[in-house]
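Observations on chain architecture
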Amino acid sequence: MLKTKKYASTGRKHSKSIWQQYFHRLIRNKSALISVCVLALMFLFSYIGPLLSPYSLNGIDVTLMKHPPDSAHWLGTDAYGRDVLTRLMYAGRISLTVGLASMVLSLLLGSLFGAVSGYYGGIVDSVIMRIADILMSIPGLPLLIIIAALLSELKVPTDYRLYIVMIMLSLVGWPGLARLIRGQILSLREQMFMKAADILGIGTRRKIFHHLLPNTFPLLIVVATLSTASGILSESTLSFLGLGVIEPTSSWGNMITIANNLIDFQKHPWLWIPPGVAIFITVVAINMLGDVSRDILDPKMKGR
């Protein structure tokens, strides 16, 4: 009787899904917990913080231009007398939204094209992979700079540039993911459960979206974290160069453009250090979470 209970409990232990095992190991990892806490604070700071601020995003006060930090303005004011802390919160909304949106679009495009390419093979595989090879052969950042410069020449309105930046980042990011998903699909397609699906006469759409793609979710989680960090850095770079999100819309990248001025760089560090620190902390936390997720979900790392 005792043996039966022991075996039953052992069976329950080994019947945990991969997601239960993932979250169980994630909460036991100190680096992952620190990363999750930091990211949660950054999201609260960016999305809830502006609601608690007594200042508006573009509240201009010429009497307080470049005023140093004090009890009223914790991070000082900028060249127009606007509260830097409030603008940092709103800028976080833009930078995080761009990173997340470009990541989602990249995952959708990459997983879809990769799954179709790996499942069908033949001419479909060749066409999709050659397009991916062409895009991957072009350096991503110079390509983004060229496209953004064209948008500036075409006088694209500020309200639309944010969405165009998201689309540009996703178009640059999907080829690498598509190749990874294709490799996974080619391996999964030969597994016994797919042969059983063929015997049962399950449709192609159901095979791809209900049987093949769900088995690539561990890989997608790792890629999602790294893509988000990459999207934030790319947006910040473009905005710093004046080719991404531009004023009056604020982002962490275009807030650092003040560092181009030597006087402001030396005399007014509160104008550019806070957004730089925000980018650094956010990207490091996302990358740490991605590394831990990779170690947990990679079967080769199970024993570590």
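Up top you'll find the structure we're talking about.
Our subject in this report is the structure included herewith.

Reading guide: rules and limits
Residues numbered from 1 in each chain as written. Predicted model: local features only at pLDDT ≥ 70, side-chain atom pairs only at ≥ 80, totals over all residues. Heavy atoms only, no water. Helix = DSSP H or I, 4+ residues; strand = E, 2+ residues; numbered from the N terminus. Buried < 20%, exposed > 50% of the residue type's maximum accessible area, 1.4 Å probe, protein only. Contact = heavy atoms within 4.5 Å. Areas by Shrake-Rupley, 256 points an atom, 1.4 Å probe, with all protein chains shown as cover. Lys, Arg positive; Asp, Glu negative; His and termini not counted. Charge placed at Lys NZ, Arg CZ, Asp CG, Glu CD. Axes fitted to C-alpha atoms, helices over the stretch in contact; angles between N-to-C directions. Parallel < 35°, antiparallel > 145°, perpendicular 65-115°, else oblique. Left-handed = near helix turned anticlockwise from the far one by under 90°. Nonpolar A, V, L, I, M, F, W, Y, C, P; charged D, E, K, R; others polar. Polar contact = N/O pair within 3.5 Å; in protein donor to acceptor, adjacent residues only side chain to side chain. Expected span 1.5 Å × (residues − 1). Arc of directions from axis to C-beta. Salt bridge = Lys/Arg side-chain N within 4 Å of Asp/Glu carboxyl O. Core = buried A, V, L, I, M, F, W, Y, C linked by side-chain atoms within 4.5 Å.

**Points about the overall build of the protein**
Helix and strand content of the protein: 13 helices and 0 strands. Shown N-terminal to C-terminal, the secondary structure of the protein runs as helices and strands in the order α-α-α-α-α-α-α-α-α-α-α-α-α. Counting only residues that meet the buried cut, the protein has 38% of its 304 residues in that class. Restricting the contact set of the protein to residue pairs at least 6 apart, pairs at least 24 apart contribute 72%. Accessible surface for the protein amounts to roughly 16,900 Å². Of this, 68% is attributable to carbon and sulfur atoms. Here the protein contributes 28 positively and 16 negatively charged side chains, and the mean placements of these two sets differ by 18 Å.

**Digging into the packing of helix α6 (residues 140-153) against helix α10 (residues 217-240)**
When two helices pack together, their arrangement is captured by the angle between the axes and the distance separating the axes. At a minimum axis separation of 11 Å, α6 and α10 run at an interaxial angle of 45 degrees. Relative to α10, the element α6 lies oblique. Every pair of crossing elements has a handedness; the one defined by α6 and α10 is right-handed. Contacts from Leu 141, Leu 144, Ile 145 and Ala 148 of α6 reach α10 at Ser 234, Thr 237 and Leu 238. Classifying every residue of the contact of α6 with α10 by side-chain character gives 5 nonpolar, 2 polar and no charged.

**Structural notes on the side chain of Asp 78**
Checked against the element boundaries, Asp 78 lands in the loop between α3 (30-52) and α4 (84-120). A distance of 3.0 Å separates the side chain of Asp 78 from the backbone nitrogen of Tyr 80, its partner in a polar contact. A polar contact is formed between the side chain of Asp 78 and the backbone nitrogen of Arg 82, at a distance of 2.8 Å. With residues near it in sequence (within four places) discarded, Asp 78 still touches Leu 64, Met 65, Lys 66, Val 84, Arg 87 and Leu 271.

**Quick notes on α4**
For α4, built from 37 residues, the straight-helix expectation of 54 Å at 1.5 Å per residue is met to within 8% by its first-to-last C-alpha distance of 53 Å. Phi turns positive one or two residues past the end of α4, at Gly 121, with a value near 65 degrees.

**Concerning the side chain of Ser 170**
Within the element layout of this structure, Ser 170 appears in helix α7 (residues 158-188). Here Ile 167 takes part through its backbone oxygen, which lies 2.7 Å from a polar atom of the side chain of Ser 170. Excluding residues within four positions of it along the chain, Ser 170 makes contact with Ser 102, Leu 105, Ser 106 and Leu 109.

**Thoughts on the environment of Met 42**
Here Met 42 is to be found in helix α3. Between the C-alpha atoms of Met 42 and Met 288, which are 246 residues apart in sequence, the distance is 15 Å. Sequence-distant contacts of Met 42, that is, excluding residues within four places in its chain, are made with Leu 96, Trp 252, Ala 278 and Thr 282.

**Some remarks on helix α5 (residues 122-137)**
For α5, with 16 residues, the first-to-last C-alpha span of 22 Å sits near the 22 Å given by 1.5 Å per residue. What α5 keeps buried is the set Asp 125, Ile 128, Met 129 and Ala 132. One side of α5 carries all its buried residues, which in axial view fall inside an arc of 95 degrees. Exposed side chains of α5 directed beyond 90 degrees from the buried face belong to Ile 123, Ile 134 and Ser 137.

**Let's talk about the pattern of salt bridges**
Across all of its chains, the model carries 9 salt bridges by this definition. Where Arg 130 meets Asp 133, a salt bridge forms, and the shortest distance between an N and an O atom there is 2.9 Å. Here Asp 133 and Arg 130 lie together in helix α5, a separation of 3 residues that amounts to about one turn. The salt bridge partner of Arg 179 is Asp 133, with a shortest N-O separation of 2.7 Å. You can see Arg 179 sitting in helix α7 and its partner Asp 133 sitting in helix α5, a full 46 residues away along the chain. Owing to a relative accessible area of 34%, Arg 179 belongs among the partly exposed residues under this scheme. Several salt bridges converge on common partners, so that one network encompasses Asp 78, Arg 82 and Arg 87.

**Section: unusual backbone geometry**
With a phi angle near 55 degrees, Lys 66 is a residue other than glycine that sits in the positive phi range. Tracing the chain through its elements places Lys 66 in the loop between α3 and α4. Residue classification places Lys 66 among the partly exposed positions, given a relative accessible area of 26%.

**Here's the deal with the nonpolar core**
Counting 26 residues, the largest nonpolar core has Leu 26 and Trp 252 as its most contacted members. Here this core takes 9 residues from helix α13 (residues 273-297), the largest share from any one element. Aside from chain neighbours lying at most four places away, what touches Trp 252 is Met 42, Ser 46, Leu 88, Ala 91, Gly 92, Ser 95, Leu 96, Pro 275, Ala 278, Ile 279 and Thr 282. Counting 15 residues, the second-largest nonpolar core is a separate cluster that includes Leu 107, Tyr 119, Leu 177 and Met 194.

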